[in-house]
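Observations on the three-dimensional arrangement
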Amino acid sequence: MKPLQIPAIHASHGGCWLRRPDLVGDMLGATTRGVGKGEAIMAVSDTPLLMLNAPLVASRLGYPDLSGLDLLELFAFVHPARFVVPTPKGMAHALGLEPPAGDADVPELLQRAAGALLATCEAEDWPEREGAWTALQSLVRLRWPWAGLVTPHLRKPEKAERWLFARLPEWEEAPERPQPAQVVLGAAEIGLRLSALTGEGAEERASQLAFAEAVGAAFAPRRGTREPHVVLAQAGTGTGKTLGYLAPASLWSAKSGGTVWVSTYTKALQRQLRRESRRAYGEGAAGGQQPVVVRKGRENYLCLLNLEDALQGGFQGRAAILAQLVARWAAYSQDGDMIGGDLPGWLGTLFRKRGVTALTDQRGECVYAGCPHYRKCFIERSARASAGAELVIANHALVMVNAARGRDIANRPTRVVFDEGHHVFEAADSTFSAALTGAETIELRRWVIGPEGKSRGRRRGLSARLADVASYDEQGALAITEAVEAAQALPSDGWLGRIVEGAPFGPVEDLLGAVRALVYARDENGGSEAGYGLETEVAQLDGPFVEIAGRAQEALEALRQPLVRLGLRLEALIEDGPDWLDGPARARIEGARGAIGWRSDLIGGWIALLARLGGPADRDFVDWLAVDRSDGREWDIGLHRHYLDPMKPFAETVLAPAHGVVLTSATLCDRSGASGGETGGDDWDSAVTRSGAQHLEVAPKLFSAESPFDYAAQAEVLIVTDVAKGDIAALAGAYGRLIESAGGGVLGLFTAIRRLRAVYGRIADRLARAGLPLYAQHVDPIDTGTLVDIFRDDPRASLLGTDALRDGVDVPGDSLRLVVMEQVPWPKPSILHRARRLAAKDSGGGQRHDDRIIRARLAQAFGRLIRSGTDRGHFVVLSAAFPSRLLSAFPPGTPVRRVTLDAALQLIAAGVSGSEPAASPAAIDGRTA
């Protein structure tokens, strides 16, 4: 295995290193030397160099046009669907090589790694050989930088390789499952099942057994219609929630023959559940029904029709290379999941355009059985597998959408466990909202009309998708024609530019222009905060605005009516179909009917929103107008409607049809106790309210278990009192010193992207020179999941991020030793928040409403710190104005100190020992806050 004999470059915040031969063609005398950015840029622009993660190297060099031989692209070709952390250390571990000792050793490692990957192409036991030679021929034509280097190492197969679409297996129809048997789970059998899952010799945890028994109550037979068993179970970190609910869930599935759905909020927990579920359900028989299925929304999966279009010329340039690498992955993927599945999260970021997104079904344009790849479709396979599975792992949004508009009522979930249950309210708030915006309406126009002007791609409008229906059914054809004509009133390409210039076209663009003008007119800050969106409440609207809204409402009604009629015609066709309506055609029309029904309901929600303008407010809803902006640029305009209490529709669509529902989390309840971390008890009233059970007049079963961790010895909360709010220089200095004191392993959480970027820009280079790499969301060209993988893999790395990192990040061990919050996570003072706060104030809880949100965020952030019984660490809040009433967010017994930054640095350097701190009493405010 010889190193690849070409120059290699590595760039970090600590500097740049270049390795090239001393004499042309003589790598034996190769040396690695540090170079300046100018010389590095000249080297990469002169000839393609070997590098790792080209976009990141480009970011470090400040040279966006960089291109070269990216080792990650070669890895994706050689080992599709195989996990690797996209760092020099991660690549070394994946290939069984010695990791580099420092930055200066990285270029040589890249050469050795490239040599190892090319040697794999020659190996007889290469498991991903099939399809590689055929893909390479296409990549040669596309001038893939690696093509010429790979070709000598990859022999032509003796037999012609099958094309991807011929290799993928077909899914099979399965008979409809009978209703699950009505069974009651006993405490003793739940205990035995839990013991079997935890394994022989495992530590017995009384709290885990009690949790499992409490969850078991949700699987009892339902007492009456609209009377589901609801269990609210709070279980502290370390209780063993996953196996705790999998024990009764798997027992019930085995005894009843039914399906249990487990829903999460984050993809990280989905991946964890996939691993943990193997204990309860096994792997399943090869080629048979899998007992566990991961189910996500359609937009997460590879669309084979989109991929075929991309491979046959729909993608150009670098995007076409991405399509070939995705095709390699598709042949070896477990389930075709592109977002959080086994497609490397870093693959899409290597290509500048959103190629990965374009290969999924983002627009709801699926033609179902009309697709030539329908029988091999990853999405359809997942849907059918979930109907026969014992356990379906899904997410909150999918469960709610499936319950609200699922095509198959018989397969809607009736037993659901909502893990990360504290996010159910948030997910419902998003699912049951309405947004009449430019981005939404132009997407609807494209769905109805299809391609216009010079647009390319496989997008097809209603006329093309339902051409056979139109030729057979005169009324259906008329409805399609009327819908296409009515859709002309919706915004078209260039709508935002026309509105900004004051020249809108059509009634809906007129409305969006009026919304923009009114929002800016009512802005109290004069638009000075250009990086933030603007909004104003729907109130005190003048006559001209209401008239404009009325014309937009008429235009939308003119579109909704033919869509409704078309849906009815399709339903009639299915019930009394012609001779040509075979099984595949019926499935396609059923799919079209479902999509049309969804779009009709969407338009109906918009019409209801516009009908309310100028009249009395609906007490169930909060309505507002908004201009969405990012980095000083407007990107959307529209009207928004949210339920004041989104658990009301959640109760009707999810709880009412269900037989048993569990909401569980480590932070399900608010702790509204005294200061010093001493809680006055769990606030179950807020937990019940945010479950939706009260809307069905169902009394949920309540369960609570504290974490088994010794927080008094394992963790410490430090509230730093001398970092001035708003002083970016001081904030950056504090973060830099904290990371240095901890030696890395820091998760920094910010409430504003602008401050995150400012802090990162001030400290990243300095830390890198000290051997402490720093990564950041919204800065590094790396997806969030991969950033967490990198952080987890390197104990000296630190990571800065926003809300997405506050929960769902599981980094046990030494890689996470310190969590730093830049300030108290106050709620954003939006119109929606104000309305909910006022509603809570009516019952005497305005401030309590805010405090409950803040304590939940603090508890979730603190929960990242201690993930096992051996973890140790500090939780730091850089805020002198930290109210004592919020301290009950932290687990009972956790030491809390108000200290200066210097004192905090001493405590962090000393580590958590459970004993008195080594810092001098003068340096620390000795009170336990």
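For the structure, check the block above.
Notes on the structure in this doc start here. (Residues numbered from 1 in each chain as written. Predicted model: local features only at pLDDT ≥ 70, side-chain atom pairs only at ≥ 80, totals over all residues. Heavy atoms only, no water.)

Looking now at the overall build of the protein chain. Along the backbone of the protein chain there are 35 helices and 26 strands. Relative to the compact-globule value of 30 Å for 929 residues, the protein chain shows a C-alpha radius of gyration of 29 Å, a close match. With respect to the principal axes defined by its C-alpha atoms, the protein chain has extents near 80 × 75 × 65 Å. By sequence separation, contacts in the protein chain at least 24 residues apart represent 75% of the contacts at least 6 residues apart. Carbon and sulfur atoms form 50% of the exposed surface of the protein chain, whose accessible area is close to 39200 Å². If the 104 positive side-chain charges of the protein chain are averaged to one point and the 112 negative ones to another, these points end up 1 Å apart. (Helix = DSSP H or I, 4+ residues; strand = E, 2+ residues; numbered from the N terminus. Rg over C-alpha atoms; globule rule 2.2 N^0.38 Å. Contact = heavy atoms within 4.5 Å. Areas by Shrake-Rupley, 256 points an atom, 1.4 Å probe, with all protein chains shown as cover. Lys, Arg positive; Asp, Glu negative; His and termini not counted. Charge placed at Lys NZ, Arg CZ, Asp CG, Glu CD.)

Before going further, it helps to examine the sheet that holds strand β9 (residues 391-395). Across the sheet, which stays open at both edges, the seven strands sit in the order β8-β9-β7-β10-β15-β6-β18 with parallel pairing between neighbours. Edge strands, defined here as strands with exactly one partner in the open sheet, are β8 (292-294) and β18 (701-705). Averaged over all adjacent pairs, the angle separating strand axes in this sheet is 15°, with direction ignored. On top of the sheet, helix α11 (residues 241-256) reaches β6 (229-235), β7 (260-264), β9, β10 (415-418) and β15 (660-665); it is set at about 160° to β7, its chief contact. (Pairing = 2+ DSSP bridges. Axes fitted to C-alpha atoms, helices over the stretch in contact; angles between N-to-C directions.)

Take the packing of aromatic side chains next. One pass over the structure, following the stated rule, counts 14 aromatic pairs. Ring geometry for F621 versus Y643: centroids 4.5 Å apart, planes at 50°, classification tilted. Taken together, the residues span a long stretch of sequence, with F621 in strand β13 (residues 621-630) and Y643 in strand β14 (residues 633-643) at a distance of 22 residues. Accessibility expressed as a relative area gives 21% for Y643, which makes it partly exposed. In this structure an aromatic cluster arises from ring pairing among F709, Y711, F862, F875, F882 and F890. A cation over a ring is seen here: R328 above F77, with NZ or CZ 5.0 Å from the ring centre. Of note, R599 hangs over the ring of W598, and the distance from its end group to the ring centre comes to 4.6 Å. (Phe/Tyr/Trp six-rings, centres within 6.5 Å; stacked < 30°, edge-to-face > 60°. Buried < 20%, exposed > 50% of the residue type's maximum accessible area, 1.4 Å probe, protein only. Lys NZ or Arg CZ within 6 Å of the ring centre and 35° of its normal.)

Right, let's get into helix α22 (residues 474-487). Over its 14 residues, α22 extends 20 Å from the first C-alpha to the last, a length consistent with the 20 Å expected when each residue adds 1.5 Å. Turning to α22, its buried residues are G476, A477, A479, I480, A483, V484, A486 and A487. (Expected span 1.5 Å × (residues − 1).)

What makes a disulfide is a covalent bond joining the sulfur atoms belonging to two cysteines. According to the stated counting rule, one finds zero disulfides in the structure shown. Lacking any disulfide linkage, C377 is separated from the closest cysteine sulfur, that of C366, by 6.0 Å. A relative accessible area of 13% places C377 in the buried class. (Disulfide = S-S within 2.5 Å.)

Strand pairing in a sheet relies on backbone hydrogen bonds, with the paired strands running either antiparallel or parallel. Within the open sheet, the four strands sit side by side as β11-β14-β13-β12. Their pairing is antiparallel. The two strands at the open ends of the sheet, each matched to only one other strand, are β11 (434-437) and β12 (534-537). Between one strand axis and the next, the sheet turns by 20° as a mean value, whatever way the strands run. One ladder, built from four bridges, connects β11 with β14; its direction is antiparallel. The residue bridging L436 from the neighbouring strand is L639, located in β14.

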